[in-house]
Amino acid sequence: MTLTPRIARVAFSAALALLGIAAAIGGWGYGVTQDNGQVGAGFLPVALGVIMALLAGADAVMALLQREERRAVDELGTLGSEVDAAAIDHVEESPDIDALGRSQRQRNRMLAIVGGMLLVALLLVPLLGLLLSLGLLMLAVAIAVERRPVVSSVIITVIAVGAFHIIFGLLLRVPLPTGLIGFI
Amino acid sequence: MLDNLLLGFQTALTLENVVWCFVGVLLGTVIGLLPGLGSTTGVAILLPITFALEPVTALIMLAGIYYGAQYGGTITSVLISTPGEAASVVTTIDGYQMAKKGRAGAALAISAIGSFIAAIISLALLIAIAPPLATIALEFQPVEMFAVMILGLVIVVTFQGGAFIRGALMAVAGLLVATVGIFPGTGSTERFTFGNVNLLSGIPFVEVMIGIFALGEVFYQIRVGAAEPIKARFKDMVIKRKDITDSMPAILRGSGIGFAFGVLPGAGSTLASFMSYGIERRVSRNRANFGKGAIEGVASPESANNAAANANFVPTLSLGIPGGATTAVLLGAFTIFGLQPGPLLFESQPELVWGLLVSFFIGNVLLLVLNLPLAPVFAQMLGIPYGYLYPIILLTSLVGAYAVSNNMFSVWLVLIFGVLGYIMKELDLPMAPFVLGLVLGPLFEKALVQTSAIGQGDLGVVFTSPIAVGVLLFAVAMVVVPKLIGLLRRRRVKETAGV
């Protein structure tokens with residue numbers, strides 16, 4: 001099944017509705033009122049949780065019914081189309097292909113790869129340290145994902161990591177984690 | 001007032017503050033014009049760099065980024081029809097048409113001049129209004145503050161320009177996230193912390209901002225893909241005297257409209273620019289040329305967004321309620337520096353408040369000097385491939401997040417909220433209500449608890465305060481009146497069609 005924007009919106013709203021219900025239940029456990037009758041720790045979570053569940057439910061239903069959204073400010077709606085019209089010169093012949101010739105599918109894959117690399121880089125922090133891990137991430141993204149020239153990517157990465165080491169590590173004296181190797 | 005202004009000039013005109021103000025407006029201009037970066041992102045990711053500075057110097061620099069970005073956002077709107085800032089979206093309509101006719105220079109120049117005039121007008125109004133408002137706000141009890149915060153949330157939801165339900169949903173989500181941590185009413189009950197000590201003081205605000213605005217935007221831009229690299233078609237920087245005289249009424253109207261919208265908590269400069277353009281298109285003598293490259297179509301929204309950016313500081317400084325997303329981040333900066341924005345700030349920190357306000361004058365003069373001759377130079381930055389830019393944004397965001405609390409927890413939080421920000425962008429969910437809900441959440445709950453204590457558990461005590469009732473009625477009107485006007489307009493259209 002393809003994840004259409006409508007399905008994604010319904011799924012997200014449903015998740016928010018469930019989160020609202022969970023918050024309301026959790027809030028109830030904290031006590032809606034205190035012994036003296038005043039607002040308790042659970043008052044706001046319960047109230048907000050219920051409201052969120054109702055609003056998210058309504059949004060999900062609206063998405064399912066695909067009702068046309070009406071703009072709260074009419075001016076924005078009409079001007080929005082003019083903004084789009086003004087930008088018409090930049091619409092590609094095929095909206096699926098970007099200026100670098102990458103298809104939507106390729107870009108989706110790029111996003112997944114960058115997300116994965118980011119996760120790996122953060123997991124490597126205890127080993128390599130923060131700056132080194134993120135520096136490697138920067139280099140990997142520039143070379144492997146964005147296909148930028150190796151030399152310029154290395155130069156930019158070294159300059160960026162060096163600048164951050166000077167600003168945060170030396171000037172601001174932020175104790176950046178250096179990891180097991182204890183380099184920078 | 002005069003003494004305060006003198007104090008402000010003494011503070012703002014030190015060499016250190018002028019230099020950092022210059023750095024702020026320069027960075028702001030660059031941030032405003034680069035795709036995928038905006039004033040909110042810029043202030044959020046550069047906030048940790050200011051930790052070594054004095055609070056007033058840091059805030060002068062951060063505020064410089066904010067209003068500098070308003071200038072920078074225009075350059076891309078005019079030259080490549082791609083606004084660097086949301087507040088410059090409407091400028092694309094006539095700005096880009098002017099550029100196509102070889103008048104990009106005039107468009108950028110009138111934008112800089114209009115922004116400068118609007119900034120000076122709005123700053124004069126800001127200086128005139130904020131202190132008396134703060135004095136009035138000093139009389140506000142928790143009941144009134146509770147009502148004012150409800151008004152702020154209602155305004156930000158109402159003015160989103162999207163579906164009301166989704167705006168309200170995001171505001172409630174923000175408020176709910178803000179309930180994580182220790183309950184202020186007892187000072188001991190932990191909520192939704194799941195035993196994690198990092199969450200005891202709540203979800204840290206700056207990390208959320210960095211995640212949503214910086215990482216979320218990077219993820220989104222990767223998926224959207226690279227835009228066509230455009231060379232700036234910039235031939236002529238000369239603006240005719242007639243262009244300025246023709247634009248002056250639009251600039252003045254834009255300044256007024258911008259200030260009026262900017263002063264409302266939650267309304268923001270984007271709405272101000274749209275409203276100003278819409279009104280100018282109806283009242284301008286040159287309205288026939290709107291959409292075809294009318295210089296008034298650039299002057300009006302650009303004046304409005306700059307006036308609104310300054311006016312945003314009225315509720316931020318005098319009430320402690322942010323005017324928009326960027327001032328919400330700045331509010332976070334205040335608290336990091338141990339300052340509590342609000343009515344007391346004018347009394348407790350006059351040097352800081354007046355130094356900051358006066359620095360806006362200095363910053364806008366610097367921006368005019370920078371933008372009139374150097375706009376072509378800034379425009380060259382449009383050639384930087386995003387493939388180089390976003391890895392640097394990732395590095396800046398994550399190292400900056402770590403520096404906020406010297407904790408890897410912050411970095412993971414940025415990643416989590418980055419994913420959330422990406423989803424919000426993909427689903428076109430408004431971020432401003434979420435941000436305002438998150439910022440106002442702790443203040444809102446504190447006011448709620450105090451109101452409950454005053455009423456001995458009865459929240460109906462709110463209705464015993466005439467000010468609170470007036471504010472709440474205004475909030476109701478903000479929701480009901482636009483809907484009624486829309487209903488009446490549609491009915492009239494139907495009747496006309498029927499005839």
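Residues numbered from 1 in each chain as written. Chains lettered and ligands numbered in written order. Predicted model: local features only at pLDDT ≥ 70, side-chain atom pairs only at ≥ 80, totals over all residues.

**Overview of the overall build of chain A**
Point 1. Assigned secondary structure in chain A consists of seven helices and zero strands.
Point 2. When the elements of chain A are put in sequence order from the N terminus, they spell out α-α-α-α-α-α-α.
Point 3. Each of the 184 residues in chain A was classed as buried or not, and the buried ones make up 32%.
Point 4. In chain A, the share of contacts with a sequence separation of at least 24, taken over all contacts with a separation of at least 6, comes to 52%. (Helix = DSSP H or I, 4+ residues; strand = E, 2+ residues; numbered from the N terminus. Buried ≥ 20, exposed ≤ 12 C-beta atoms within 10 Å, placed from the backbone. Contact = placed C-beta atoms within 7 Å.)

**Things to note about the overall build of chain B**
Point 1. Tallying secondary structure elements over chain B gives 20 helices and two strands in all.
Point 2. Expressed as a percentage of the 499 residues in chain B, the buried residues total 63%.
Point 3. A separation of at least 24 residues holds for 79% of the contacts in chain B among residues at least 6 apart in sequence.

**Let's talk about the packing of helix α7 (residues 150-171) of chain A against helix α17 (residues 386-405) of chain B**
Point 1. Contact geometry of α7 of chain A with α17 of chain B gives a least axis separation of 11 Å together with a crossing angle of 20°. Comparing their axes, α17 of chain B and α7 of chain A come out roughly parallel. Between α7 of chain A and α17 of chain B lies a crossing of right-handed hand. For the pair formed by α7 of chain A and α17 of chain B, the contact residues are Ile-156, Ala-160, Phe-164 and Phe-168 of chain A on the first element and Tyr-388, Ile-392, Leu-395, Val-399 and Ala-403 of chain B on the second.
Point 2. A per-class count over the contact of α7 of chain A with α17 of chain B returns nine nonpolar, no polar and no charged. (Axes fitted to C-alpha atoms, helices over the stretch in contact; angles between N-to-C directions. Parallel < 35°, antiparallel > 145°, perpendicular 65-115°, else oblique. Left-handed = near helix turned anticlockwise from the far one by under 90°. Nonpolar A, V, L, I, M, F, W, Y, C, P; charged D, E, K, R; others polar.)

**Topic: the interface of chain A and chain B**
Point 1. Taken together, the contact between chain A and chain B spans 72 residues of the former and 72 residues of the latter.
Point 2. Of all elements in the fold, only α1 (5-30), α2 (43-65), α3 (74-86), α4 (104-123), α6 (130-145) and α7 of chain A reach the threshold of two or more residues within the side of chain A that touches chain B.
Point 3. The element that contributes the greatest number of residues to the side of chain A that touches chain B is α2 of chain A, accounting for 11 residues.
Point 4. When grouped by side-chain class, the residues that make up the side of chain A that touches chain B number 49 nonpolar, 10 polar and 13 charged.

**Observations concerning unusual backbone geometry**
Point 1. For Arg-147 of chain A, which is not glycine, the phi dihedral falls at a positive 55°.
Point 2. Mapped onto the fold, Arg-147 of chain A is located in the loop between α6 and α7.
Point 3. You can call Arg-147 of chain A exposed: it has 11 C-beta atoms within 10 Å.
Point 4. With a phi angle near 50°, Asn-406 of chain B is a residue other than glycine that sits in the positive phi range.
Point 5. Structurally, Asn-406 of chain B can be placed in the loop between α17 and α18 (408-426).
Point 6. What makes Asn-406 of chain B exposed here is the crowd of 11 C-beta atoms within 10 Å.

**A closer look at helix α12 (residues 296-311) of chain B**
Point 1. In this model, α12 of chain B (16 residues) spans 22 Å end to end at C-alpha, consistent with the 22 Å of a helix rising 1.5 Å per residue.
Point 2. Among the 16 residues in α12 of chain B, 16 count as buried, and that is most of the element. (Expected span 1.5 Å × (residues − 1).)

**Quick notes on the domain arrangement of chain A**
Point 1. If you check the domain split of chain A, you get domain 1 (5-69) and domain 2 (104-171).
Point 2. In this structure, domain 1 of chain A and domain 2 of chain A have C-alpha centres spaced 38 Å apart. (Domains from an automatic or database assignment.)

**Notes on the UniProt feature "transmembrane region" (unreviewed entry) in chain A**
Point 1. In this numbering, the UniProt entry assigns the feature "transmembrane region" (unreviewed entry) to residues 42-65, 111-144 and 150-172 of chain A.
Point 2. With 94% helix and 0% strand, the stretch residues 111-144 of chain A has end C-alpha atoms that lie 12 Å from each other. (UniProt positions renumbered as here; feature names shortened; annotations may be inferred.)

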